[in-house]
Amino acid sequence: NVNVLFNELKKLQLKIQLPTFGAKQPKPIDNKQNALQLAQQLYFNEKFLRVVKLANQNVDSKSIVDRATKRPVEQVFRALHALDETNLGQIEKFIDDYLHEPGVEIVAAKLTDWSEEPAFVRSLHNQQLIAFAKSLNNQWVDLYKQFDSRLLPNNCVSSHLPMKYPFVVPGGRFIEIYYWDTYWTIEGLLVCGMLQTVRHSIENFVEFIKKFGFIPNGSRVYYLNRSQPPYFSQMVMRYYDFCMQSTELSKEQKDEVRKFVLGEALECMLKEHQFWMKNRSVDVRISDRRCCKLNVFRANTTGPRPESYFEDLHTAKHMDSSEQKEKLYLDIATAAESGIDFSSRWFKDPMNMNTIQTSDLIPVDLNAVMYKTELIISDLSRLSGDLETARKFKMCSLKRKFAINKVLWSADMNCWADFNFRTNQFTDHFYVSNLSPLWFDIKPPNNLKETDLIELHLTSSIDSYHGVPYSFIKSSQQWDFPNIWAPNQHNLIEFIHKFDHELALKLARKFFSSIYKGWESSRAFYEKYNAHTPGERGHGGEYQVQSGFGWTNGVIFKLIELFKDDIFEY
Ligand SMILES: OC[C@H]1O[C@H](O[C@H]2O[C@H](CO)[C@@H](O)[C@H](O)[C@H]2O)[C@H](O)[C@@H](O)[C@@H]1O
C-alpha cells in the first residue's frame with residue numbers, strides 16, 4: 001500500500017538525515033544552466049527518486065534514474081514540486097505525463113566494421129567451436145548502442161552523458177558504457193578485427209578526459225562522482241600495438257594511428273594520471289626520511305548512489321550519526337569506483353557491509369595498474385621524442401614498484417595485500433587482486449618466484465573450480481565466492497601463459513567450458529558464473545545477474561585466439 005511505503009521511506013530518510021544531495025525544492029531554472037547540470041539536479045532529487053519508486057516498488061533502482069523526461073525539465077520540476085506523495089494516482093499520472101520508459105534514448109547503432117565471419121574464425125576447425133564463435137560474434141550487434149539526443153527535444157533531459165560516437169555496452173541493465181569493462185571488450189573487438197569500433201571507444205574516453213579530467217564509472221550523470229580502475233592507457237596501448245603489427249593497415253593508416261596515440265591520447269593519459277595523483281593518493285612513510293605516494297580509490301560523494309538509492313538508505317539505517325552515514329556512503333561509492341562492488345574485500349567484518357572501509361585502504365590492484373600506466377606513458381613519451389617526460393615517468397614507475405613491495409607486501413600472507421593506512425594494518429583475506437603486481441611483471445620480494453605465489457595461493461582452486469573465484473569468502477556479495485568473473489580469468493591466464501602453456505590452457509578450458517555450457521543451455525552469455533557448476537550463472541549482490549555480456553565475450557574471444565581449437569575439450 002502506497003501510504004505504508006511512503007511512511008516507511010519518509011521515516012528512513014528522516015532518521016538518516018541525508019546530506020545535501022540534489023535540490024529539495026525545485027530551484028528557479030536559470031537559462032544558462034546546461035543540460036548536464038539540470039539532469040544532475042533531477043536524478044539526484046530525493047523526491048523524484050522516492051515517487052518513481054512508490055509507483056514501481058519491485059523495479060531495479062537503476063531503472064528509476066534511467067528514465068528520460070518527456071517534457072522540458074523545468075516543467076518536470078514544477079510538477080514534481082506540486083505532487084502529493086501520498087496520492088498514488090497523482091504519482092502514476094506524473095510518471096505517465098513526464099517520464100519515458102527507461103532507456104528509450106539509447107538506441108541500436110550500426111557497426112561499420114563488423115562481419116558475420118571475422119577472419120580469426122577461419123583459423124578454427126572444430127565445427128562446434130566455429131558455431132559458438134559466430135554466435136558470440138553476433139552479440140556485438142546487440143551490444144552496440146548510441147545516445148540519440150533527437151529523442152530529447154526542447155530541454156528534455158536524460159541521465160545519459162552526451163557521446164561523440166556509439167559505444168559497446170555490457171548488456172542487460174547496463175545500457176551505457178562502463179570504464180574498466182571496456183578494456184576487456186576492446187580485447188574481443190581486436191580479435192574480431194573491429195578497429196573502427198575500438199578507436200571510437202577510445203575517442204569517447206578521450207572526450208570524457210578532456211571534459212571532466214577523468215573517465216567516469218560509466219556514461220551517466222550519476223556516475224560523475226567517481227571513476228573506475230584506470231585502464232585507459234592499457235586500452236590505447238593494445239590498440240596501438242595491434243595497429244603497428246597489422247599487415248592490413250597501410251603506412252598512411254599506421255601514421256595516422258601513431259599521430260593520434262602519441263598526440264591526443266598521450267595527453268589524456270597524462271591528464272588522467274594527474275587526476276589520480278591529485279585526487280586519489282596518500283603519502284606513506286617508508287623510512288625516517290622517506291615518504292612515497294600511493295593511490296587509493298575515493299569517490300567524491302558522501303551521499304547514497306542514485307542508481308542504488310534505496311539499497312544505500314537501507315544499509316545506512318542502523319547508523320546513528322550523520323558522520324557515520326556520510327562515511328558509509330563514501331565507502332560504498334568508493335567500492336563502486338574500485339569496480340569490485342561489492343566484496344568482503346572492503347569490509348572489516350567480511351560478513352557485514354556496515355563495516356565497509358574502502359577509502360581507508362591502499363589497494364594492491366589500483367597501484368599495480370598505475371605502475372603499468374606510468375610505464376606506458378614513459379614508453380610513449382620516448383617514442384614521441386619527449387625524453388624528459390619519458391625519464392620522469394620511468395622514475396615514477398620505479399618508485400612505485402619499490403613502494404608496492406615495501407608497503408603492500410605482507411610477510412604473514414606471503415603475498416601483496418591491501419593496506420589500511422589509518423590503522424597501519426593489512427587486510428586479512430586473500431583475493432585474486434592480491435596477485436595483480438604479477439600481471440605487470442613486478443617480481444615479489446625476498447627472492448620468491450612468481451610460480452611460488454601461484455602455487456601457494458591458486459593451485460588448489462584451479463583444480464577444484466570452473467575458473468578461479470575472485471574471492472574465497474562466502475558472503476552474499478557478488479564479488480565473493482562462488483562467483484567467477486571474466487576479467488580475473490583473463491589477467492591470470494595471460495600471466496600464466498608467459499611461463500606455463502599447459503597450466504594456462506587448463507585454466508582457460510575450465511572457464512571456457514563453463515561459458516560454452518551456459519550458451520548451449522540458454523544461448524546467453526553472463527556477467528559472472530558459478531564456480532561449482534559449469535554453465536550456471538553467478539548470483540548475489542544488489543541486482544539480478546545480467547546477460548550480454550561485454551567483458552565475458554571479450555575474454556572468450558581472446559582465449560579462442562590464444563588457444564584456437566585446443567580450448568574445446570569435447
Ligand atoms: O548498480 C550497481 C553497480 O553496478 C555497476 O557495477 C557492476 O557492473 C559494472 C558493469 O559491468 C562493472 O563495471 C562493475 O565491476 C560491477 O560491480 C556499477 O559500475 C556500479 O557503479 C554500480 O553502483
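Remember, it's a predicted structure, so these values are computed and weren't measured experimentally. (Residues numbered from 1 in each chain as written. Predicted model: local features only at pLDDT ≥ 70, side-chain atom pairs only at ≥ 80, totals over all residues. Heavy atoms only, no water.)

## Focus: the site of the ligand
1) Next: Lining the immediate surroundings of the ligand are 21 residues, of which Asp 181, Asn 217, Glu 307, Gly 339 and Asp 341 lie closest.
2) Next: At 2.6 Å from an oxygen atom of the ligand is found a side-chain nitrogen or oxygen belonging to Asn 217.
3) Next: Within the side chain of Trp 479, an N or O atom sits 3.2 Å from an oxygen atom of the ligand.
4) Next: With the chains in place, 100% of the 480 Å² that the ligand exposes on its own is no longer accessible.
5) Next: Per-class residue counts for the shell around the ligand are nine nonpolar, five polar and seven charged. (Near = heavy atom within 4 Å. Polar contact = N/O pair within 3.5 Å; in protein donor to acceptor, adjacent residues only side chain to side chain. Areas by Shrake-Rupley, 256 points an atom, 1.4 Å probe, with all protein chains shown as cover. Nonpolar A, V, L, I, M, F, W, Y, C, P; charged D, E, K, R; others polar.)

## Quick notes on the packing of aromatic side chains
1) Next: Throughout the structure, instances matching the rule amount to 47 aromatic pairs.
2) Next: Look at Phe 174 and Tyr 178: their rings are 5.1 Å apart centre to centre, the planes differ by 80°, and that puts the pair in the edge-to-face class.
3) Next: Assessed through its relative accessible area of 8%, Phe 174 is described here as buried.
4) Next: With 6.0 Å between their ring centres and 85° between their planes, Phe 275 and Trp 276 make a pair best called edge-to-face.
5) Next: A cation sits over an aromatic face here: Arg 199 above Phe 260, 3.9 Å from the ring centre.
6) Next: Positioned above the aromatic ring of Trp 276, the side-chain terminus of Arg 280 is 5.8 Å from the ring centre. (Phe/Tyr/Trp six-rings, centres within 6.5 Å; stacked < 30°, edge-to-face > 60°. Buried < 20%, exposed > 50% of the residue type's maximum accessible area, 1.4 Å probe, protein only. Lys NZ or Arg CZ within 6 Å of the ring centre and 35° of its normal.)

## A word on the pattern of salt bridges
1) Next: Across all of its chains, the model carries 37 salt bridges by this definition.
2) Next: Put simply, Lys 210 and Glu 207 hold a salt bridge, and the shortest N to O gap is 3.9 Å. Of this pair, Lys 210 and Glu 207 both sit in helix H9 (residues 195-212), three residues apart, roughly one helical turn.
3) Next: Residue class for Lys 210 comes out partly exposed when judged on its relative accessible area of 41%.
4) Next: Each member of the salt-bridge network shares a partner with another, and the members are Lys 164, Arg 199, Glu 203, Glu 207, Lys 210, Glu 256 and Glu 264. (Salt bridge = Lys/Arg side-chain N within 4 Å of Asp/Glu carboxyl O. Helix = DSSP H or I, 4+ residues; strand = E, 2+ residues; numbered from the N terminus.)

## A closer look at the side chain of Thr 69
1) Next: Inspection of the secondary structure assignment puts Thr 69 in the loop between helix H4 (61-65) and helix H5 (73-82).
2) Next: Polar contacts involving the side chain of Thr 69 include one to the main-chain carbonyl oxygen of Arg 71, which spans 2.9 Å.
3) Next: Residues in contact with Thr 69, not counting those within four places in the same chain, are Leu 42, Tyr 43, Val 76, Tyr 98, Leu 99, His 100, Leu 152, Cys 156 and Val 157. (Contact = heavy atoms within 4.5 Å.)

## Overview of the sheet that holds strand E3 (residues 167-168)
1) Next: Read from one edge of the open sheet, three strands run E1-E2-E3, paired in antiparallel fashion. The open sheet has two edge strands, strand E1 (106-108) and E3, and neither has a second partner.
2) Next: Lying on the sheet, helix H7 (residues 127-143) is in contact with strand E2 (144-147) and E3; it crosses E2 at an angle near 10°. (Pairing = 2+ DSSP bridges. Axes fitted to C-alpha atoms, helices over the stretch in contact; angles between N-to-C directions.)

## Section: a positive patch on the surface
1) Next: On the surface, Arg 289, Arg 290, Lys 399 and Lys 406 cluster together into a positively charged patch.
2) Next: For Arg 290, the position within the fold is in the loop between strand E4 (281-285) and strand E5 (291-295).
3) Next: Judged by its relative accessible area of 46%, Arg 290 is partly exposed. (Patch = residues over 30% accessible without salt bridge, like charges linked within 9 Å, V, L, I, M, F, W, Y side chains within 5 Å. Lys, Arg positive; Asp, Glu negative; His and termini not counted. Charge placed at Lys NZ, Arg CZ, Asp CG, Glu CD.)

## Focus: unusual backbone geometry
1) Next: Following Asp 341, the chain continues to Phe 342 via a peptide bond in cis, the omega torsion being -5°.
2) Next: Checked against the element boundaries, Phe 342 lands in the loop between helix H13 (322-338) and strand E6 (361-362).
3) Next: Following Phe 481, the chain continues into Pro 482 via a peptide bond in cis, with omega recorded as 10°.
4) Next: For Pro 482, the position within the fold is in the loop between helix H16 (450-464) and strand E11 (483-485).
5) Next: Phi at Asn 447 takes a positive value of approximately 55°, unusual for a residue other than glycine.
6) Next: Its location among the elements puts Asn 447 in the loop between strand E10 (425-426) and H16.

## Notes on the nonpolar core
1) Next: Counting 192 residues, the largest nonpolar core has Phe 94, Phe 132 and Phe 232 as the members making the most contacts within it.
2) Next: No other element matches the 11 residues that helix H11 (residues 251-279) contributes to this core.
3) Next: The contact partners of Phe 132, leaving out residues within four places of it in the chain, are Phe 512, Ile 515, Tyr 516, Trp 519, Phe 525, Ile 556 and Ile 560. (Core = buried A, V, L, I, M, F, W, Y, C linked by side-chain atoms within 4.5 Å.)

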